[in-house]
Amino acid sequence: DDLERGEPGPPLHPITGTFADATHAKDFAARCFRSAFPLHALLLAAFAVGDTYYYCLSSAPSIASITFPLVDWTLLLLRIGLHRSSDHSRAQQLGSAAWALFVVLWTLAGVFDPGWYWDPAAGVSAGQMGFAAVIGFGSALVNSSQGLSFAHKTTLALVLLLVPWMALAATV
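Residues numbered from 1 in each chain as written. Predicted model: local features only at pLDDT ≥ 70, side-chain atom pairs only at ≥ 80, totals over all residues. Heavy atoms only, no water.

**Q** I'm lost on the nonpolar core in this one. Help?
**A** One broad rule of soluble globular proteins: the nonpolar side chains tend to lie buried together. Of all hydrophobic cores here, the largest spans 9 residues; its members are L43, W99, V103, W106, I135, V142, L148, L156 and L160. The element best represented in this core is helix α5 (residues 88-112), accounting for 3 residues. L156 has contacts with W99, A100, V103, N143 and L148, leaving out every residue within four places of it along the chain. (Core = buried A, V, L, I, M, F, W, Y, C linked by side-chain atoms within 4.5 Å. Buried < 20%, exposed > 50% of the residue type's maximum accessible area, 1.4 Å probe, protein only. Helix = DSSP H or I, 4+ residues; strand = E, 2+ residues; numbered from the N terminus. Contact = heavy atoms within 4.5 Å.)

This is the structure we're talking about:
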């Protein structure tokens, strides 16, 4: 509303560029997180459907092929629950904490068991690199829409950029 009328918004810190008042920052983060719900739901649904399809195609289901769809569908339901929450700021904080935990666990899984990320016997195929690029793009979109502070957002983005390279280094 203020921008349409040409009035200045809330005051910003002169050095960091963040909101001078912490309540403005919390409100902005919560609005950003809520407005990203369609993107988050679409990506989670795509992963859930893809992993479920992969599970249905597998002739000998493994623990991972059963676990991935269950985790995807659970995350989708939890994200819907966060969106329906009446406390928008708390929902944003929980969603951001869950995203940070997911990024850290995904990175650790890639480092300690690189076989799930790349097939070390076959080498890295063009399909795997393309899939990694799509995953990276989706992760960057989600990372930028969590309403995180600059330091947290940048740290998670760097971790996401390093995952494929750490997995490749671990297979060599």
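**Q** Would you mind showing me how to read α5 here?
**A** Helical geometry: 3.6 residues make up each α-helical turn, so side chains three or four residues apart lie on a common side. With 25 residues, α5 should reach 36 Å at 1.5 Å per residue; the first-to-last C-alpha distance of 36 Å fits that figure. Of the residues making up α5, those classed as buried are S89, A91, Q92, G95, S96, W99, V103, W106, T107 and G110. (Expected span 1.5 Å × (residues − 1).)

**Q** Is there a simple way to think about a nonpolar patch on the surface in this case?
**A** A cluster of nonpolar residues, L101, V104, L105, L108 and F112, forms a patch on the protein surface that exposes about 510 Å² of accessible area. Within the element layout of this structure, V104 appears in helix α5. Of the residues examined, V104 reaches a relative accessible area of 42% and is grouped as partly exposed. (Patch = residues over 30% accessible without salt bridge, like charges linked within 9 Å, V, L, I, M, F, W, Y side chains within 5 Å. Areas by Shrake-Rupley, 256 points an atom, 1.4 Å probe, with all protein chains shown as cover. Salt bridge = Lys/Arg side-chain N within 4 Å of Asp/Glu carboxyl O.)

**Q** Explanation requested: the environment of W73 in the structure shown.
**A** Mapped onto the elements, W73 comes out in helix α4 (residues 63-84). By relative accessible area, which is 37% here, W73 ends up partly exposed. For W73 and F47, which are 26 residues apart along the polypeptide, the C-alpha to C-alpha distance reads 8.7 Å. Within polar-contact distance, the side chain of W73 engages the side chain of T52 at 2.9 Å. (Polar contact = N/O pair within 3.5 Å; in protein donor to acceptor, adjacent residues only side chain to side chain.)

**Q** Please clarify how the environment of R90 should be interpreted in this entry.
**A** Here R90 is to be found in helix α5. In sequence terms R90 and A30 are 60 residues apart; their C-alpha atoms lie 8.2 Å from each other.

**Q** Got a minute to help me understand the packing of helix α2 (residues 22-35) against α5 in this structure?
**A** How two helices pack is summed up by the angle between their axes together with the distance between the axes. Two elements in contact, α2 and α5, have axes separated by 8 Å at closest approach and are oriented at 70°. By the criterion of interaxial angle, the relationship of α2 to α5 is roughly perpendicular. In the crossing of α2 with α5, the sense of the turn from one axis to the other is left-handed. Only H88, S89, A91, Q92, Q93 and G95 of α5 make contact with α2, whose side of the interface consists of K26, A29, A30, F33 and R34. For the contact of α2 with α5, the class distribution of residues is 4 nonpolar, 5 polar and 2 charged. (Axes fitted to C-alpha atoms, helices over the stretch in contact; angles between N-to-C directions. Parallel < 35°, antiparallel > 145°, perpendicular 65-115°, else oblique. Left-handed = near helix turned anticlockwise from the far one by under 90°. Nonpolar A, V, L, I, M, F, W, Y, C, P; charged D, E, K, R; others polar.)

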